[in-house]
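Structural overview
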Amino acid sequence: MIEYENLRLVNLKLFDKYKESFDTFLQSGWFVLGSQVAKFEEEFARFNGTKHCVGVASGLDALTIAIDAFGLPKNSEIIVPANTYIATILAIVRNGFKPVLVEPDIATYNIDPNKIEEKITKNTKAILVVHLYGKPCDMDLIMAIAKKYDLKIIEDVAQAHGAKYKEQIVGSFGVGCFSFYPTKNLGALGDAGAITTDDDDLAKTFKALRNYGSAVKYYNDELGYNSRLDEIQAGFLSAKLEMLDDITNHKRELAKLYLENLEDRFVKPIVHEDYFDVYHIFNIRHEKRDELKAYLLENEIKTEIHYPLAPHKQKAMQGIITGEYPISEEIHNTTLSLPISYFHTKEDVLQVCEVMNKWLK
Ligand SMILES: *Cc1c(COP(=O)(O)O)cnc(C)c1O
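Anyway, here's the lowdown on the structure attached to this text. (Residues numbered from 1 in each chain as written. Predicted model: local features only at pLDDT ≥ 70, side-chain atom pairs only at ≥ 80, totals over all residues. Heavy atoms only, no water.)

1. Some thoughts on unusual backbone geometry
For the bond from His306 to Tyr307, the omega torsion is 5°, close enough to zero to count as cis. In the Ramachandran plot, Glu300 falls in the positive-phi region, its phi being about 65° despite a non-glycine side chain. Summarising the element assignment, Glu300 is placed in the loop between helix H10 (289–298) and helix H11 (326–334). Relative accessible area serves as the criterion here: at 44%, Glu300 is assigned to the partly exposed category. (Helix = DSSP H or I, 4+ residues; strand = E, 2+ residues; numbered from the N terminus. Buried < 20%, exposed > 50% of the residue type's maximum accessible area, 1.4 Å probe, protein only.)

What follows is the structure, encoded as structure tokens:
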């Protein structure tokens, strides 16, 4: 059986380092927001080339706190892609703002920059982009629109640690919101997240907000959250970060094999010199996606669907999101995510390609 994911195998090489880190953690007697968190924040800021990194409890919290920190007026509207994981939109809704969905580009699966301007109103205050599947968005166009209309840029980097647009790492264009959920490219051994920025004041606000809105202990200047990063996770993340380039290179190699060996009748991810993809997910599209998925399973290959139901179709979003998003739906109905984890081998990928190409005949 070729599994889709196996987190024990992904982390196997780090077991000794994790055990060492756990020992240090246990002996320290300090369990939240301590020296391990400060160390990881410094390392991850350096990795991203940003001035600050603030650790939080999850990717959703990173997004929620990032939006909150701007102190936007009531009735603010935030532009967001129509096809994303629900967390991106939830962070806007939880802040009491209106998510304004923009259709993706069917070639990149990311927000279509040419469809943003028509959605801008006097209430639009920010663009929340998502570097979906590990492919960077077209940031030149997006940054130009943000400048023209004086909009904040928030980046959902949950799937794109280390991805680059024209040599610039994502998460450094605006405020970068990261998830370290165990399955992500930089995954912890539990929940964790972080926010990156070059802005000193914003970083201060993030730090206060994650800890009950308090910069000075027991004095609460803002309505904060309990969203602190655990020392134990920060220690594990420091160890994992040393391996991230390795993980990225491995995934890029596997992606290359898929791209070379899969028949062109599968719609494959586009490759372009502007994008340094990190392939958190390697997807293909096909009209008969469900049949293909079943066939692969019969042949002992597990796949996933990211995602089966578009956000505007979710029960929780009824009455919140209006409008039609046919491109987003088309993607949701035809996309299939193939095995591309750190533990997969070239042989695994060639096997998947062989079975898939056989299915076409
Ligand atoms: C995983 C993910 C999130 C949420 O991260 P959590 O750590 O699970 O809260 C947000 N956005 C995207 C695109 C994701 O893939």
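2. Thoughts on the nonpolar core
If you look at the biggest cluster of nonpolar residues, it comprises 39 residues, and the most contacted ones within it are Phe40, Ile116, Ile127, Ile142 and Phe180. With residues near it in sequence (within four places) discarded, Phe180 still touches Phe40, Phe44, His161, Leu186, Gly187, Ala188, Gly190, Ala192, Gly193, Ala194 and Leu237. Ala82, Ile89, Phe97 and Val175 belong to the second largest nonpolar core, which has 31 residues in total. (Core = buried A, V, L, I, M, F, W, Y, C linked by side-chain atoms within 4.5 Å. Contact = heavy atoms within 4.5 Å.)

3. Some remarks on the packing of helix H3 (residues 35–48) against helix H8 (residues 231–241)
Between H3 and H8, whose axes approach to 8 Å, the crossing angle comes to 35°. For the pair H3 and H8, the sense of crossing is left-handed. Judged by residue contacts, Ser35, Gln36, Val37, Lys39, Phe40, Glu43, Phe44 and Phe47 of H3 engage Glu231, Ala234, Gly235, Leu237, Ser238 and Leu241 from H8. Among the residues forming the contact of H3 with H8, the class breakdown is seven nonpolar, four polar and three charged. (Axes fitted to C-alpha atoms, helices over the stretch in contact; angles between N-to-C directions. Left-handed = near helix turned anticlockwise from the far one by under 90°. Nonpolar A, V, L, I, M, F, W, Y, C, P; charged D, E, K, R; others polar.)

4. Description of the packing of helix H2 (residues 15–28) against H8
Contact geometry of H2 with H8 gives a least axis separation of 9 Å together with a crossing angle of 145°. Relative to H8, the crossing made by H2 is right-handed. Residues Lys17, Tyr18, Ser21, Phe22 and Phe25 of H2 lie in contact with H8, whose contacting residues are Glu231, Ile232, Gly235, Phe236, Ala239 and Lys240. Broken down by class, the residue content of the contact of H2 with H8 amounts to six nonpolar, two polar and three charged.

5. Re the site of the ligand
The ligand sits among 13 residues. The nearest are Gly59, Leu60, Asp156, Ser179 and Lys184. Within the backbone of Leu60, one N or O atom sits 2.8 Å away from an oxygen atom of the ligand. With respect to the ligand, the side chain of Gln159 contributes an N or O atom lying 2.9 Å from an oxygen atom. Within the complex, 91% of the 390 Å² of free accessible area of the ligand lies under protein. (Near = heavy atom within 4 Å. Polar contact = N/O pair within 3.5 Å; in protein donor to acceptor, adjacent residues only side chain to side chain. Areas by Shrake-Rupley, 256 points an atom, 1.4 Å probe, with all protein chains shown as cover.)

6. As for the sheet that holds strand E7 (residues 168–169)
Strands sit in the order E7-E6-E12 across an open sheet of three strands; the sheet is antiparallel. Here the strands that pair on one side only, and so sit at the sheet edges, are E7 and strand E12 (275–276). Relative to E7, strand E6 (residues 164–165) is paired through two bridges, and the arrangement is antiparallel. Following the sheet pairing, Tyr165 is matched in E7 by Gln168. (Pairing = 2+ DSSP bridges.)

7. Digging into the sheet that holds strand E5 (residues 152–156)
Here we have seven strands laid out as an open sheet, ordered E1-E9-E8-E5-E4-E2-E3, and mixed in their pairing. Strand pairing shows two members of the sheet lacking a second neighbour, strand E1 (52–56) and strand E3 (98–102), which therefore form its edges. Across the sheet, the axes of successive neighbouring strands diverge by a mean angle of 25°, strand direction being ignored. Sheet analysis places E1 next to strand E9 (residues 193–197), joined by five bridges and oriented antiparallel. Each residue of the ladder has a partner; that of His52, found in E9, is Thr197.

8. Quick notes on the state of the cysteines
Note on terminology: disulfide describes a covalent bond linking the sulfur atoms of two cysteines. Within the structure shown, the criterion is met by zero disulfides. You can see Cys177 has no disulfide; the closest cysteine sulfur is in Cys53, sitting 11 Å from it. (Disulfide = S-S within 2.5 Å.)

9. A look at the packing of aromatic side chains
For any pair of aromatic rings, the description consists of the separation of the ring centres together with the inter-plane angle of the planes. Considering all chains together, one arrives at 16 aromatic pairs under this definition. On the numbers, 5.7 Å between centres and 45° between planes, the contact of Phe22 with Phe25 is tilted. With Phe22 and Phe25 both in helix H2, this residue pair falls three residues apart, about one helical turn. The class for Phe22 is partly exposed, based on a relative accessible area of 35%. A relative accessible area of 11% places Phe25 in the buried class. For the ring pair Tyr165 and Tyr275, a centre distance of 6.4 Å and an interplane angle of 40° mean the geometry is tilted. Here the residue Tyr165 occupies a position in strand E6, and Tyr275 occupies one in strand E12, the gap between them amounting to 110 residues. Put simply, the rings of Phe40, Phe44, Phe47, Phe178 and Phe180 touch in pairs and so form one group of aromatic residues. (Phe/Tyr/Trp six-rings, centres within 6.5 Å; stacked < 30°, edge-to-face > 60°.)

10. Some details on the pairing of E9
Burial runs high along E9: five of the five residues are buried. Side chains Gly193, Ile195 and Thr197 project from E9 onto one buried face, and the interleaved Ala194 and Thr196 project onto a second face that is buried too.

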